[in-house]
Amino acid sequence: MRSIKTLLGGSLLALSLTAGHAVATEKNAPIHFGDITWESGSFITEVLRLIVEKGYGYPTDTLPGSTVSLEAALAKNDIQVIGEEWAGRSPAWVKAAAEGKVFGLGDTVKGATEGWWVPEYVIKGDPERGIKPLAPELKSVEDLPRYKDVFRDPEDPSRGRFLNSPTGWTSEIVNSQKLKAYALTDSFVNFRTGSGAALDAEVASSIKRGKPVLFYYWSPTPLLGRYKLVKLDEPPFDAEAWKTLADASNPNPKGTRSMPASLAIGVSAPFKAQYPDLVAFFEKVDFPIDQLNRTLAGMSEKRQPPRQVAEAFLRDQPQVWTPWVPAQVASNVTAGL
């Protein structure tokens, strides 16, 4: 009898140790952040990771992917956090949110926007640079067909060139549908850049040379912190029309300006349940957009890694981020830097 009790006790101890090891392993497992490729997303992700690591003591890492694939991974908990989620835009996000698989936390960048832009000198000229107005009456997307020669595509001179987002971004689908909705496919080439960096380089190069360029862009971004740009008018936002733009398979998209921006931190349902301390932190995150644009402009001009810029931000701007976290966490971050 004693030997059975001893054996049973040993077995229970082994099970207890195994269970304890499993809990410890789960606790020490890194929190997977989506590896966002555009500047604001990369910077915000690194700020969040540094606070999570140094302030709360949780390990993190990043996993790469396009916007669409990262949202799908978040719904499956293959990743736990997307640092900059334009919540409610893609059908995949809307479906996953309705099913309770993903959540958008906070209102991280108030005043964010997106749309179609041209440099101000295209409309007003720039006497100091000797640039004359090339499209003086360009105000809205409706005016674009008569100015297609201004934005002439070098590979198809009969049409203008519209610089779209990279393939794999939700905005690329929306912009492609907008070209159809605004009846611009005959007058403009839908040029998809290979990456966010390639889009930046193409736009910046055109502006530095004083050349006309029509492109999709958004804020917060380095470009809006660095150059004078004009956003073209589009029809007022219509929720039903937006659904036709977000659906790449819809054959009859209807035009509307983009959905009002709501930037949040996307998290998976298991993460929300497991990390209430980080949820409370994420819900308070608020980056002032003008300061953020300037920070991103400096990061781009100096070609600094996002993590380096995030470390400088945490050192130099405590008045921005310390209200997001408890005092002890803020102290931990400061000491960790």
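Keep in mind that what you see is a predicted model, and the values were worked out from it rather than measured.

S.K.: Is there a simple way to think about the overall build of the protein chain in this case?
M.R.: In terms of regular secondary structure, the protein chain is built from 15 helices and 11 strands. Taken along the three principal axes of its C-alpha coordinates, the protein chain extends 95 × 45 × 30 Å. Split by element, the accessible area of the protein chain, about 16200 Å² in all, is 55% carbon and sulfur. Mean positive and mean negative side-chain charge positions of the protein chain (38 and 39 charges, respectively) differ by 2 Å.

S.K.: I tried to follow the nonpolar core on my own but got confused; where do I start?
M.R.: Nonpolar side chains tend to gather and get buried jointly when the protein is soluble and globular. The biggest cluster of nonpolar side chains holds 87 residues, and the ones touching the most others in it are Phe43, Ile51, Leu144, Phe281, Phe282, Phe287 and Trp324. No other element matches helix H2 (residues 39–56), which puts eight residues into this core.

S.K.: Is there a simple way to explain the pairing of strand E7 (residues 156–164) in this structure?
M.R.: Along any regular strand, the residues point their side chains to alternate faces of the sheet. As defined by bridge partners, strand E6 (residues 152–153) adjoins E7 across two bridges and the pair is classed as antiparallel. By the bridge assignment for E7, Arg152 is matched with Gly160. Two elements, E7 and strand E8 (residues 188–192), share five bridges in a ladder whose sense is parallel. Bridge assignment links Asn164 to a residue of E8, and that residue is Arg192. One ladder, built from two bridges, connects E7 with strand E9 (residues 214–219); its direction is parallel. Paired with Leu163 across the bridge in E9 is Phe215.

S.K.: What is the right way to look at helix H13 (residues 306–316) in this model?
M.R.: Within H13 the residues assigned to the buried category are Val309, Ala310, Phe313 and Leu314. Buried residues of H13, viewed axially, fall in a sector of 140°; they line one side.

S.K.: Can you walk me through the packing of aromatic side chains in this structure?
M.R.: Within a pair of aromatic rings, the relevant descriptors are the distance that separates the centres and the angle that separates the planes. This model, assessed by the stated rule, comprises 18 aromatic pairs. Between Trp38 and Trp169, the ring centres sit 5.4 Å apart and the planes meet at 65°, which makes this aromatic pair edge-to-face. With Trp38 in the loop between strand E1 (31–35) and H2 and Trp169 in the loop between E7 and helix H6 (170–181), this pair connects stretches of sequence that are 131 residues apart. On the accessibility criterion, Trp38 (11% relative accessible area) is buried. With a centroid separation of 5.9 Å and 85° between ring planes, the pair formed by Trp116 and Tyr182 is classed as edge-to-face.

S.K.: Please explain the packing of H6 against helix H9 (residues 239–246) as it appears in this structure.
M.R.: When two helices pack together, their arrangement is given by the angle between the helix axes and the distance between those axes. With their axes 7 Å apart at the nearest point, H6 and H9 run at an angle of 110° to one another. In terms of orientation, H6 lies roughly perpendicular with respect to H9. Across the interface between the two elements, Ile173, Val174, Gln177, Lys178 and Ala181 of H6 pack against Trp242, Thr244, Leu245 and Ala246 of H9. Taken together, the residues of the contact of H6 with H9 break down into six nonpolar, two polar and one charged.

S.K.: What am I meant to see in helix H3 (residues 67–75) here?
M.R.: It helps to recall that an α-helix has 3.6 residues per turn; residues three or four apart then point in one direction. For H3, the complete set of buried residues consists of Thr67, Leu70, Glu71, Ala73 and Leu74. One side of H3 holds all its buried residues, which, seen down the axis, span an arc of 160°. Looking one or two residues beyond H3, the residue adopting positive phi is Asn77, at roughly 65°.

S.K.: In this structure, what is going on with the side chain of Asn164? I would like to understand it.
M.R.: Residue placement: Asn164 occurs in strand E7. Reaching out from Asn164, the side chain makes a polar contact with the backbone oxygen of Glu172 at a distance of 3.4 Å. A distance of 3.0 Å separates a polar atom in the side chain of Asn164 from a polar atom in the side chain of Asn190. Those residues in contact with Asn164 that lie beyond four places of it in its chain are Ser171, Glu172, Asn175, Ser176, Asn190, Phe191, Arg192, Thr193 and Leu199.

S.K.: Can you walk me through empty space enclosed by the protein in this structure?
M.R.: Unoccupied space between atoms shows up once a probe the size of one water molecule is rolled over them. Taken as a whole and assessed by the stated rule, the structure comprises one cavity of 30 Å³ or more. The space that makes up the largest cavity amounts to roughly 40 Å³. Forming the boundary of the largest cavity are Phe43, Phe287, Pro288, Gln291, Leu292, Thr295 and Phe313. Looking at the lining of the largest cavity element by element, the count peaks at three residues for helix H12 (residues 289–302). Taken together, the residues of the lining of the largest cavity sort by class into five nonpolar, two polar and no charged.

S.K.: It is not clear to me how the pattern of salt bridges should be interpreted in this structure. Could you clarify?
M.R.: Any two side chains of opposite charge can pair, on the condition that their charged atoms come close. For the coordinates displayed, the defined rule picks out 19 salt bridges. The partner of Arg49 in a salt bridge is Glu46, with the nearest N and O atoms 3.2 Å apart. Residue Arg49 and its partner Glu46 are located together in helix H2, separated by three residues, close to a single helical turn. By relative accessible area, Arg49 is classed as buried at 12%. You can call Glu46 buried: its relative accessible area is 11%. Between Arg192 and Glu172 there is a salt bridge, with the nearest N and O atoms lying 2.6 Å from each other. Residue Arg192 is found in strand E8, and its partner Glu172 is found in helix H6; the two are separated by 20 residues along the sequence. Take Glu172: its relative accessible area is 9%, and that puts it in the buried class. Each member of the salt-bridge network shares a partner with another, and the members are Glu46, Arg49, Glu53 and Arg307.

Conventions used here
- Residues numbered from 1 in each chain as written.
- Predicted model: local features only at pLDDT ≥ 70, side-chain atom pairs only at ≥ 80, totals over all residues.
- Heavy atoms only, no water.
- Helix = DSSP H or I, 4+ residues; strand = E, 2+ residues; numbered from the N terminus.
- Areas by Shrake-Rupley, 256 points an atom, 1.4 Å probe, with all protein chains shown as cover.
- Lys, Arg positive; Asp, Glu negative; His and termini not counted.
- Charge placed at Lys NZ, Arg CZ, Asp CG, Glu CD.
- Core = buried A, V, L, I, M, F, W, Y, C linked by side-chain atoms within 4.5 Å.
- Buried < 20%, exposed > 50% of the residue type's maximum accessible area, 1.4 Å probe, protein only.
- Pairing = 2+ DSSP bridges.
- Arc of directions from axis to C-beta.
- Phe/Tyr/Trp six-rings, centres within 6.5 Å; stacked < 30°, edge-to-face > 60°.
- Axes fitted to C-alpha atoms, helices over the stretch in contact; angles between N-to-C directions.
- Parallel < 35°, antiparallel > 145°, perpendicular 65-115°, else oblique.
- Contact = heavy atoms within 4.5 Å.
- Nonpolar A, V, L, I, M, F, W, Y, C, P; charged D, E, K, R; others polar.
- Polar contact = N/O pair within 3.5 Å; in protein donor to acceptor, adjacent residues only side chain to side chain.
- 1 Å grid on protein atoms, 1.4 Å probe; cavity = no way out; pocket = protein on both sides within 12 Å on 5 of 7 lines; lining within 4 Å.
- Points joined across faces, edges and corners; volume = space filled by probe spheres on them.
- Salt bridge = Lys/Arg side-chain N within 4 Å of Asp/Glu carboxyl O.

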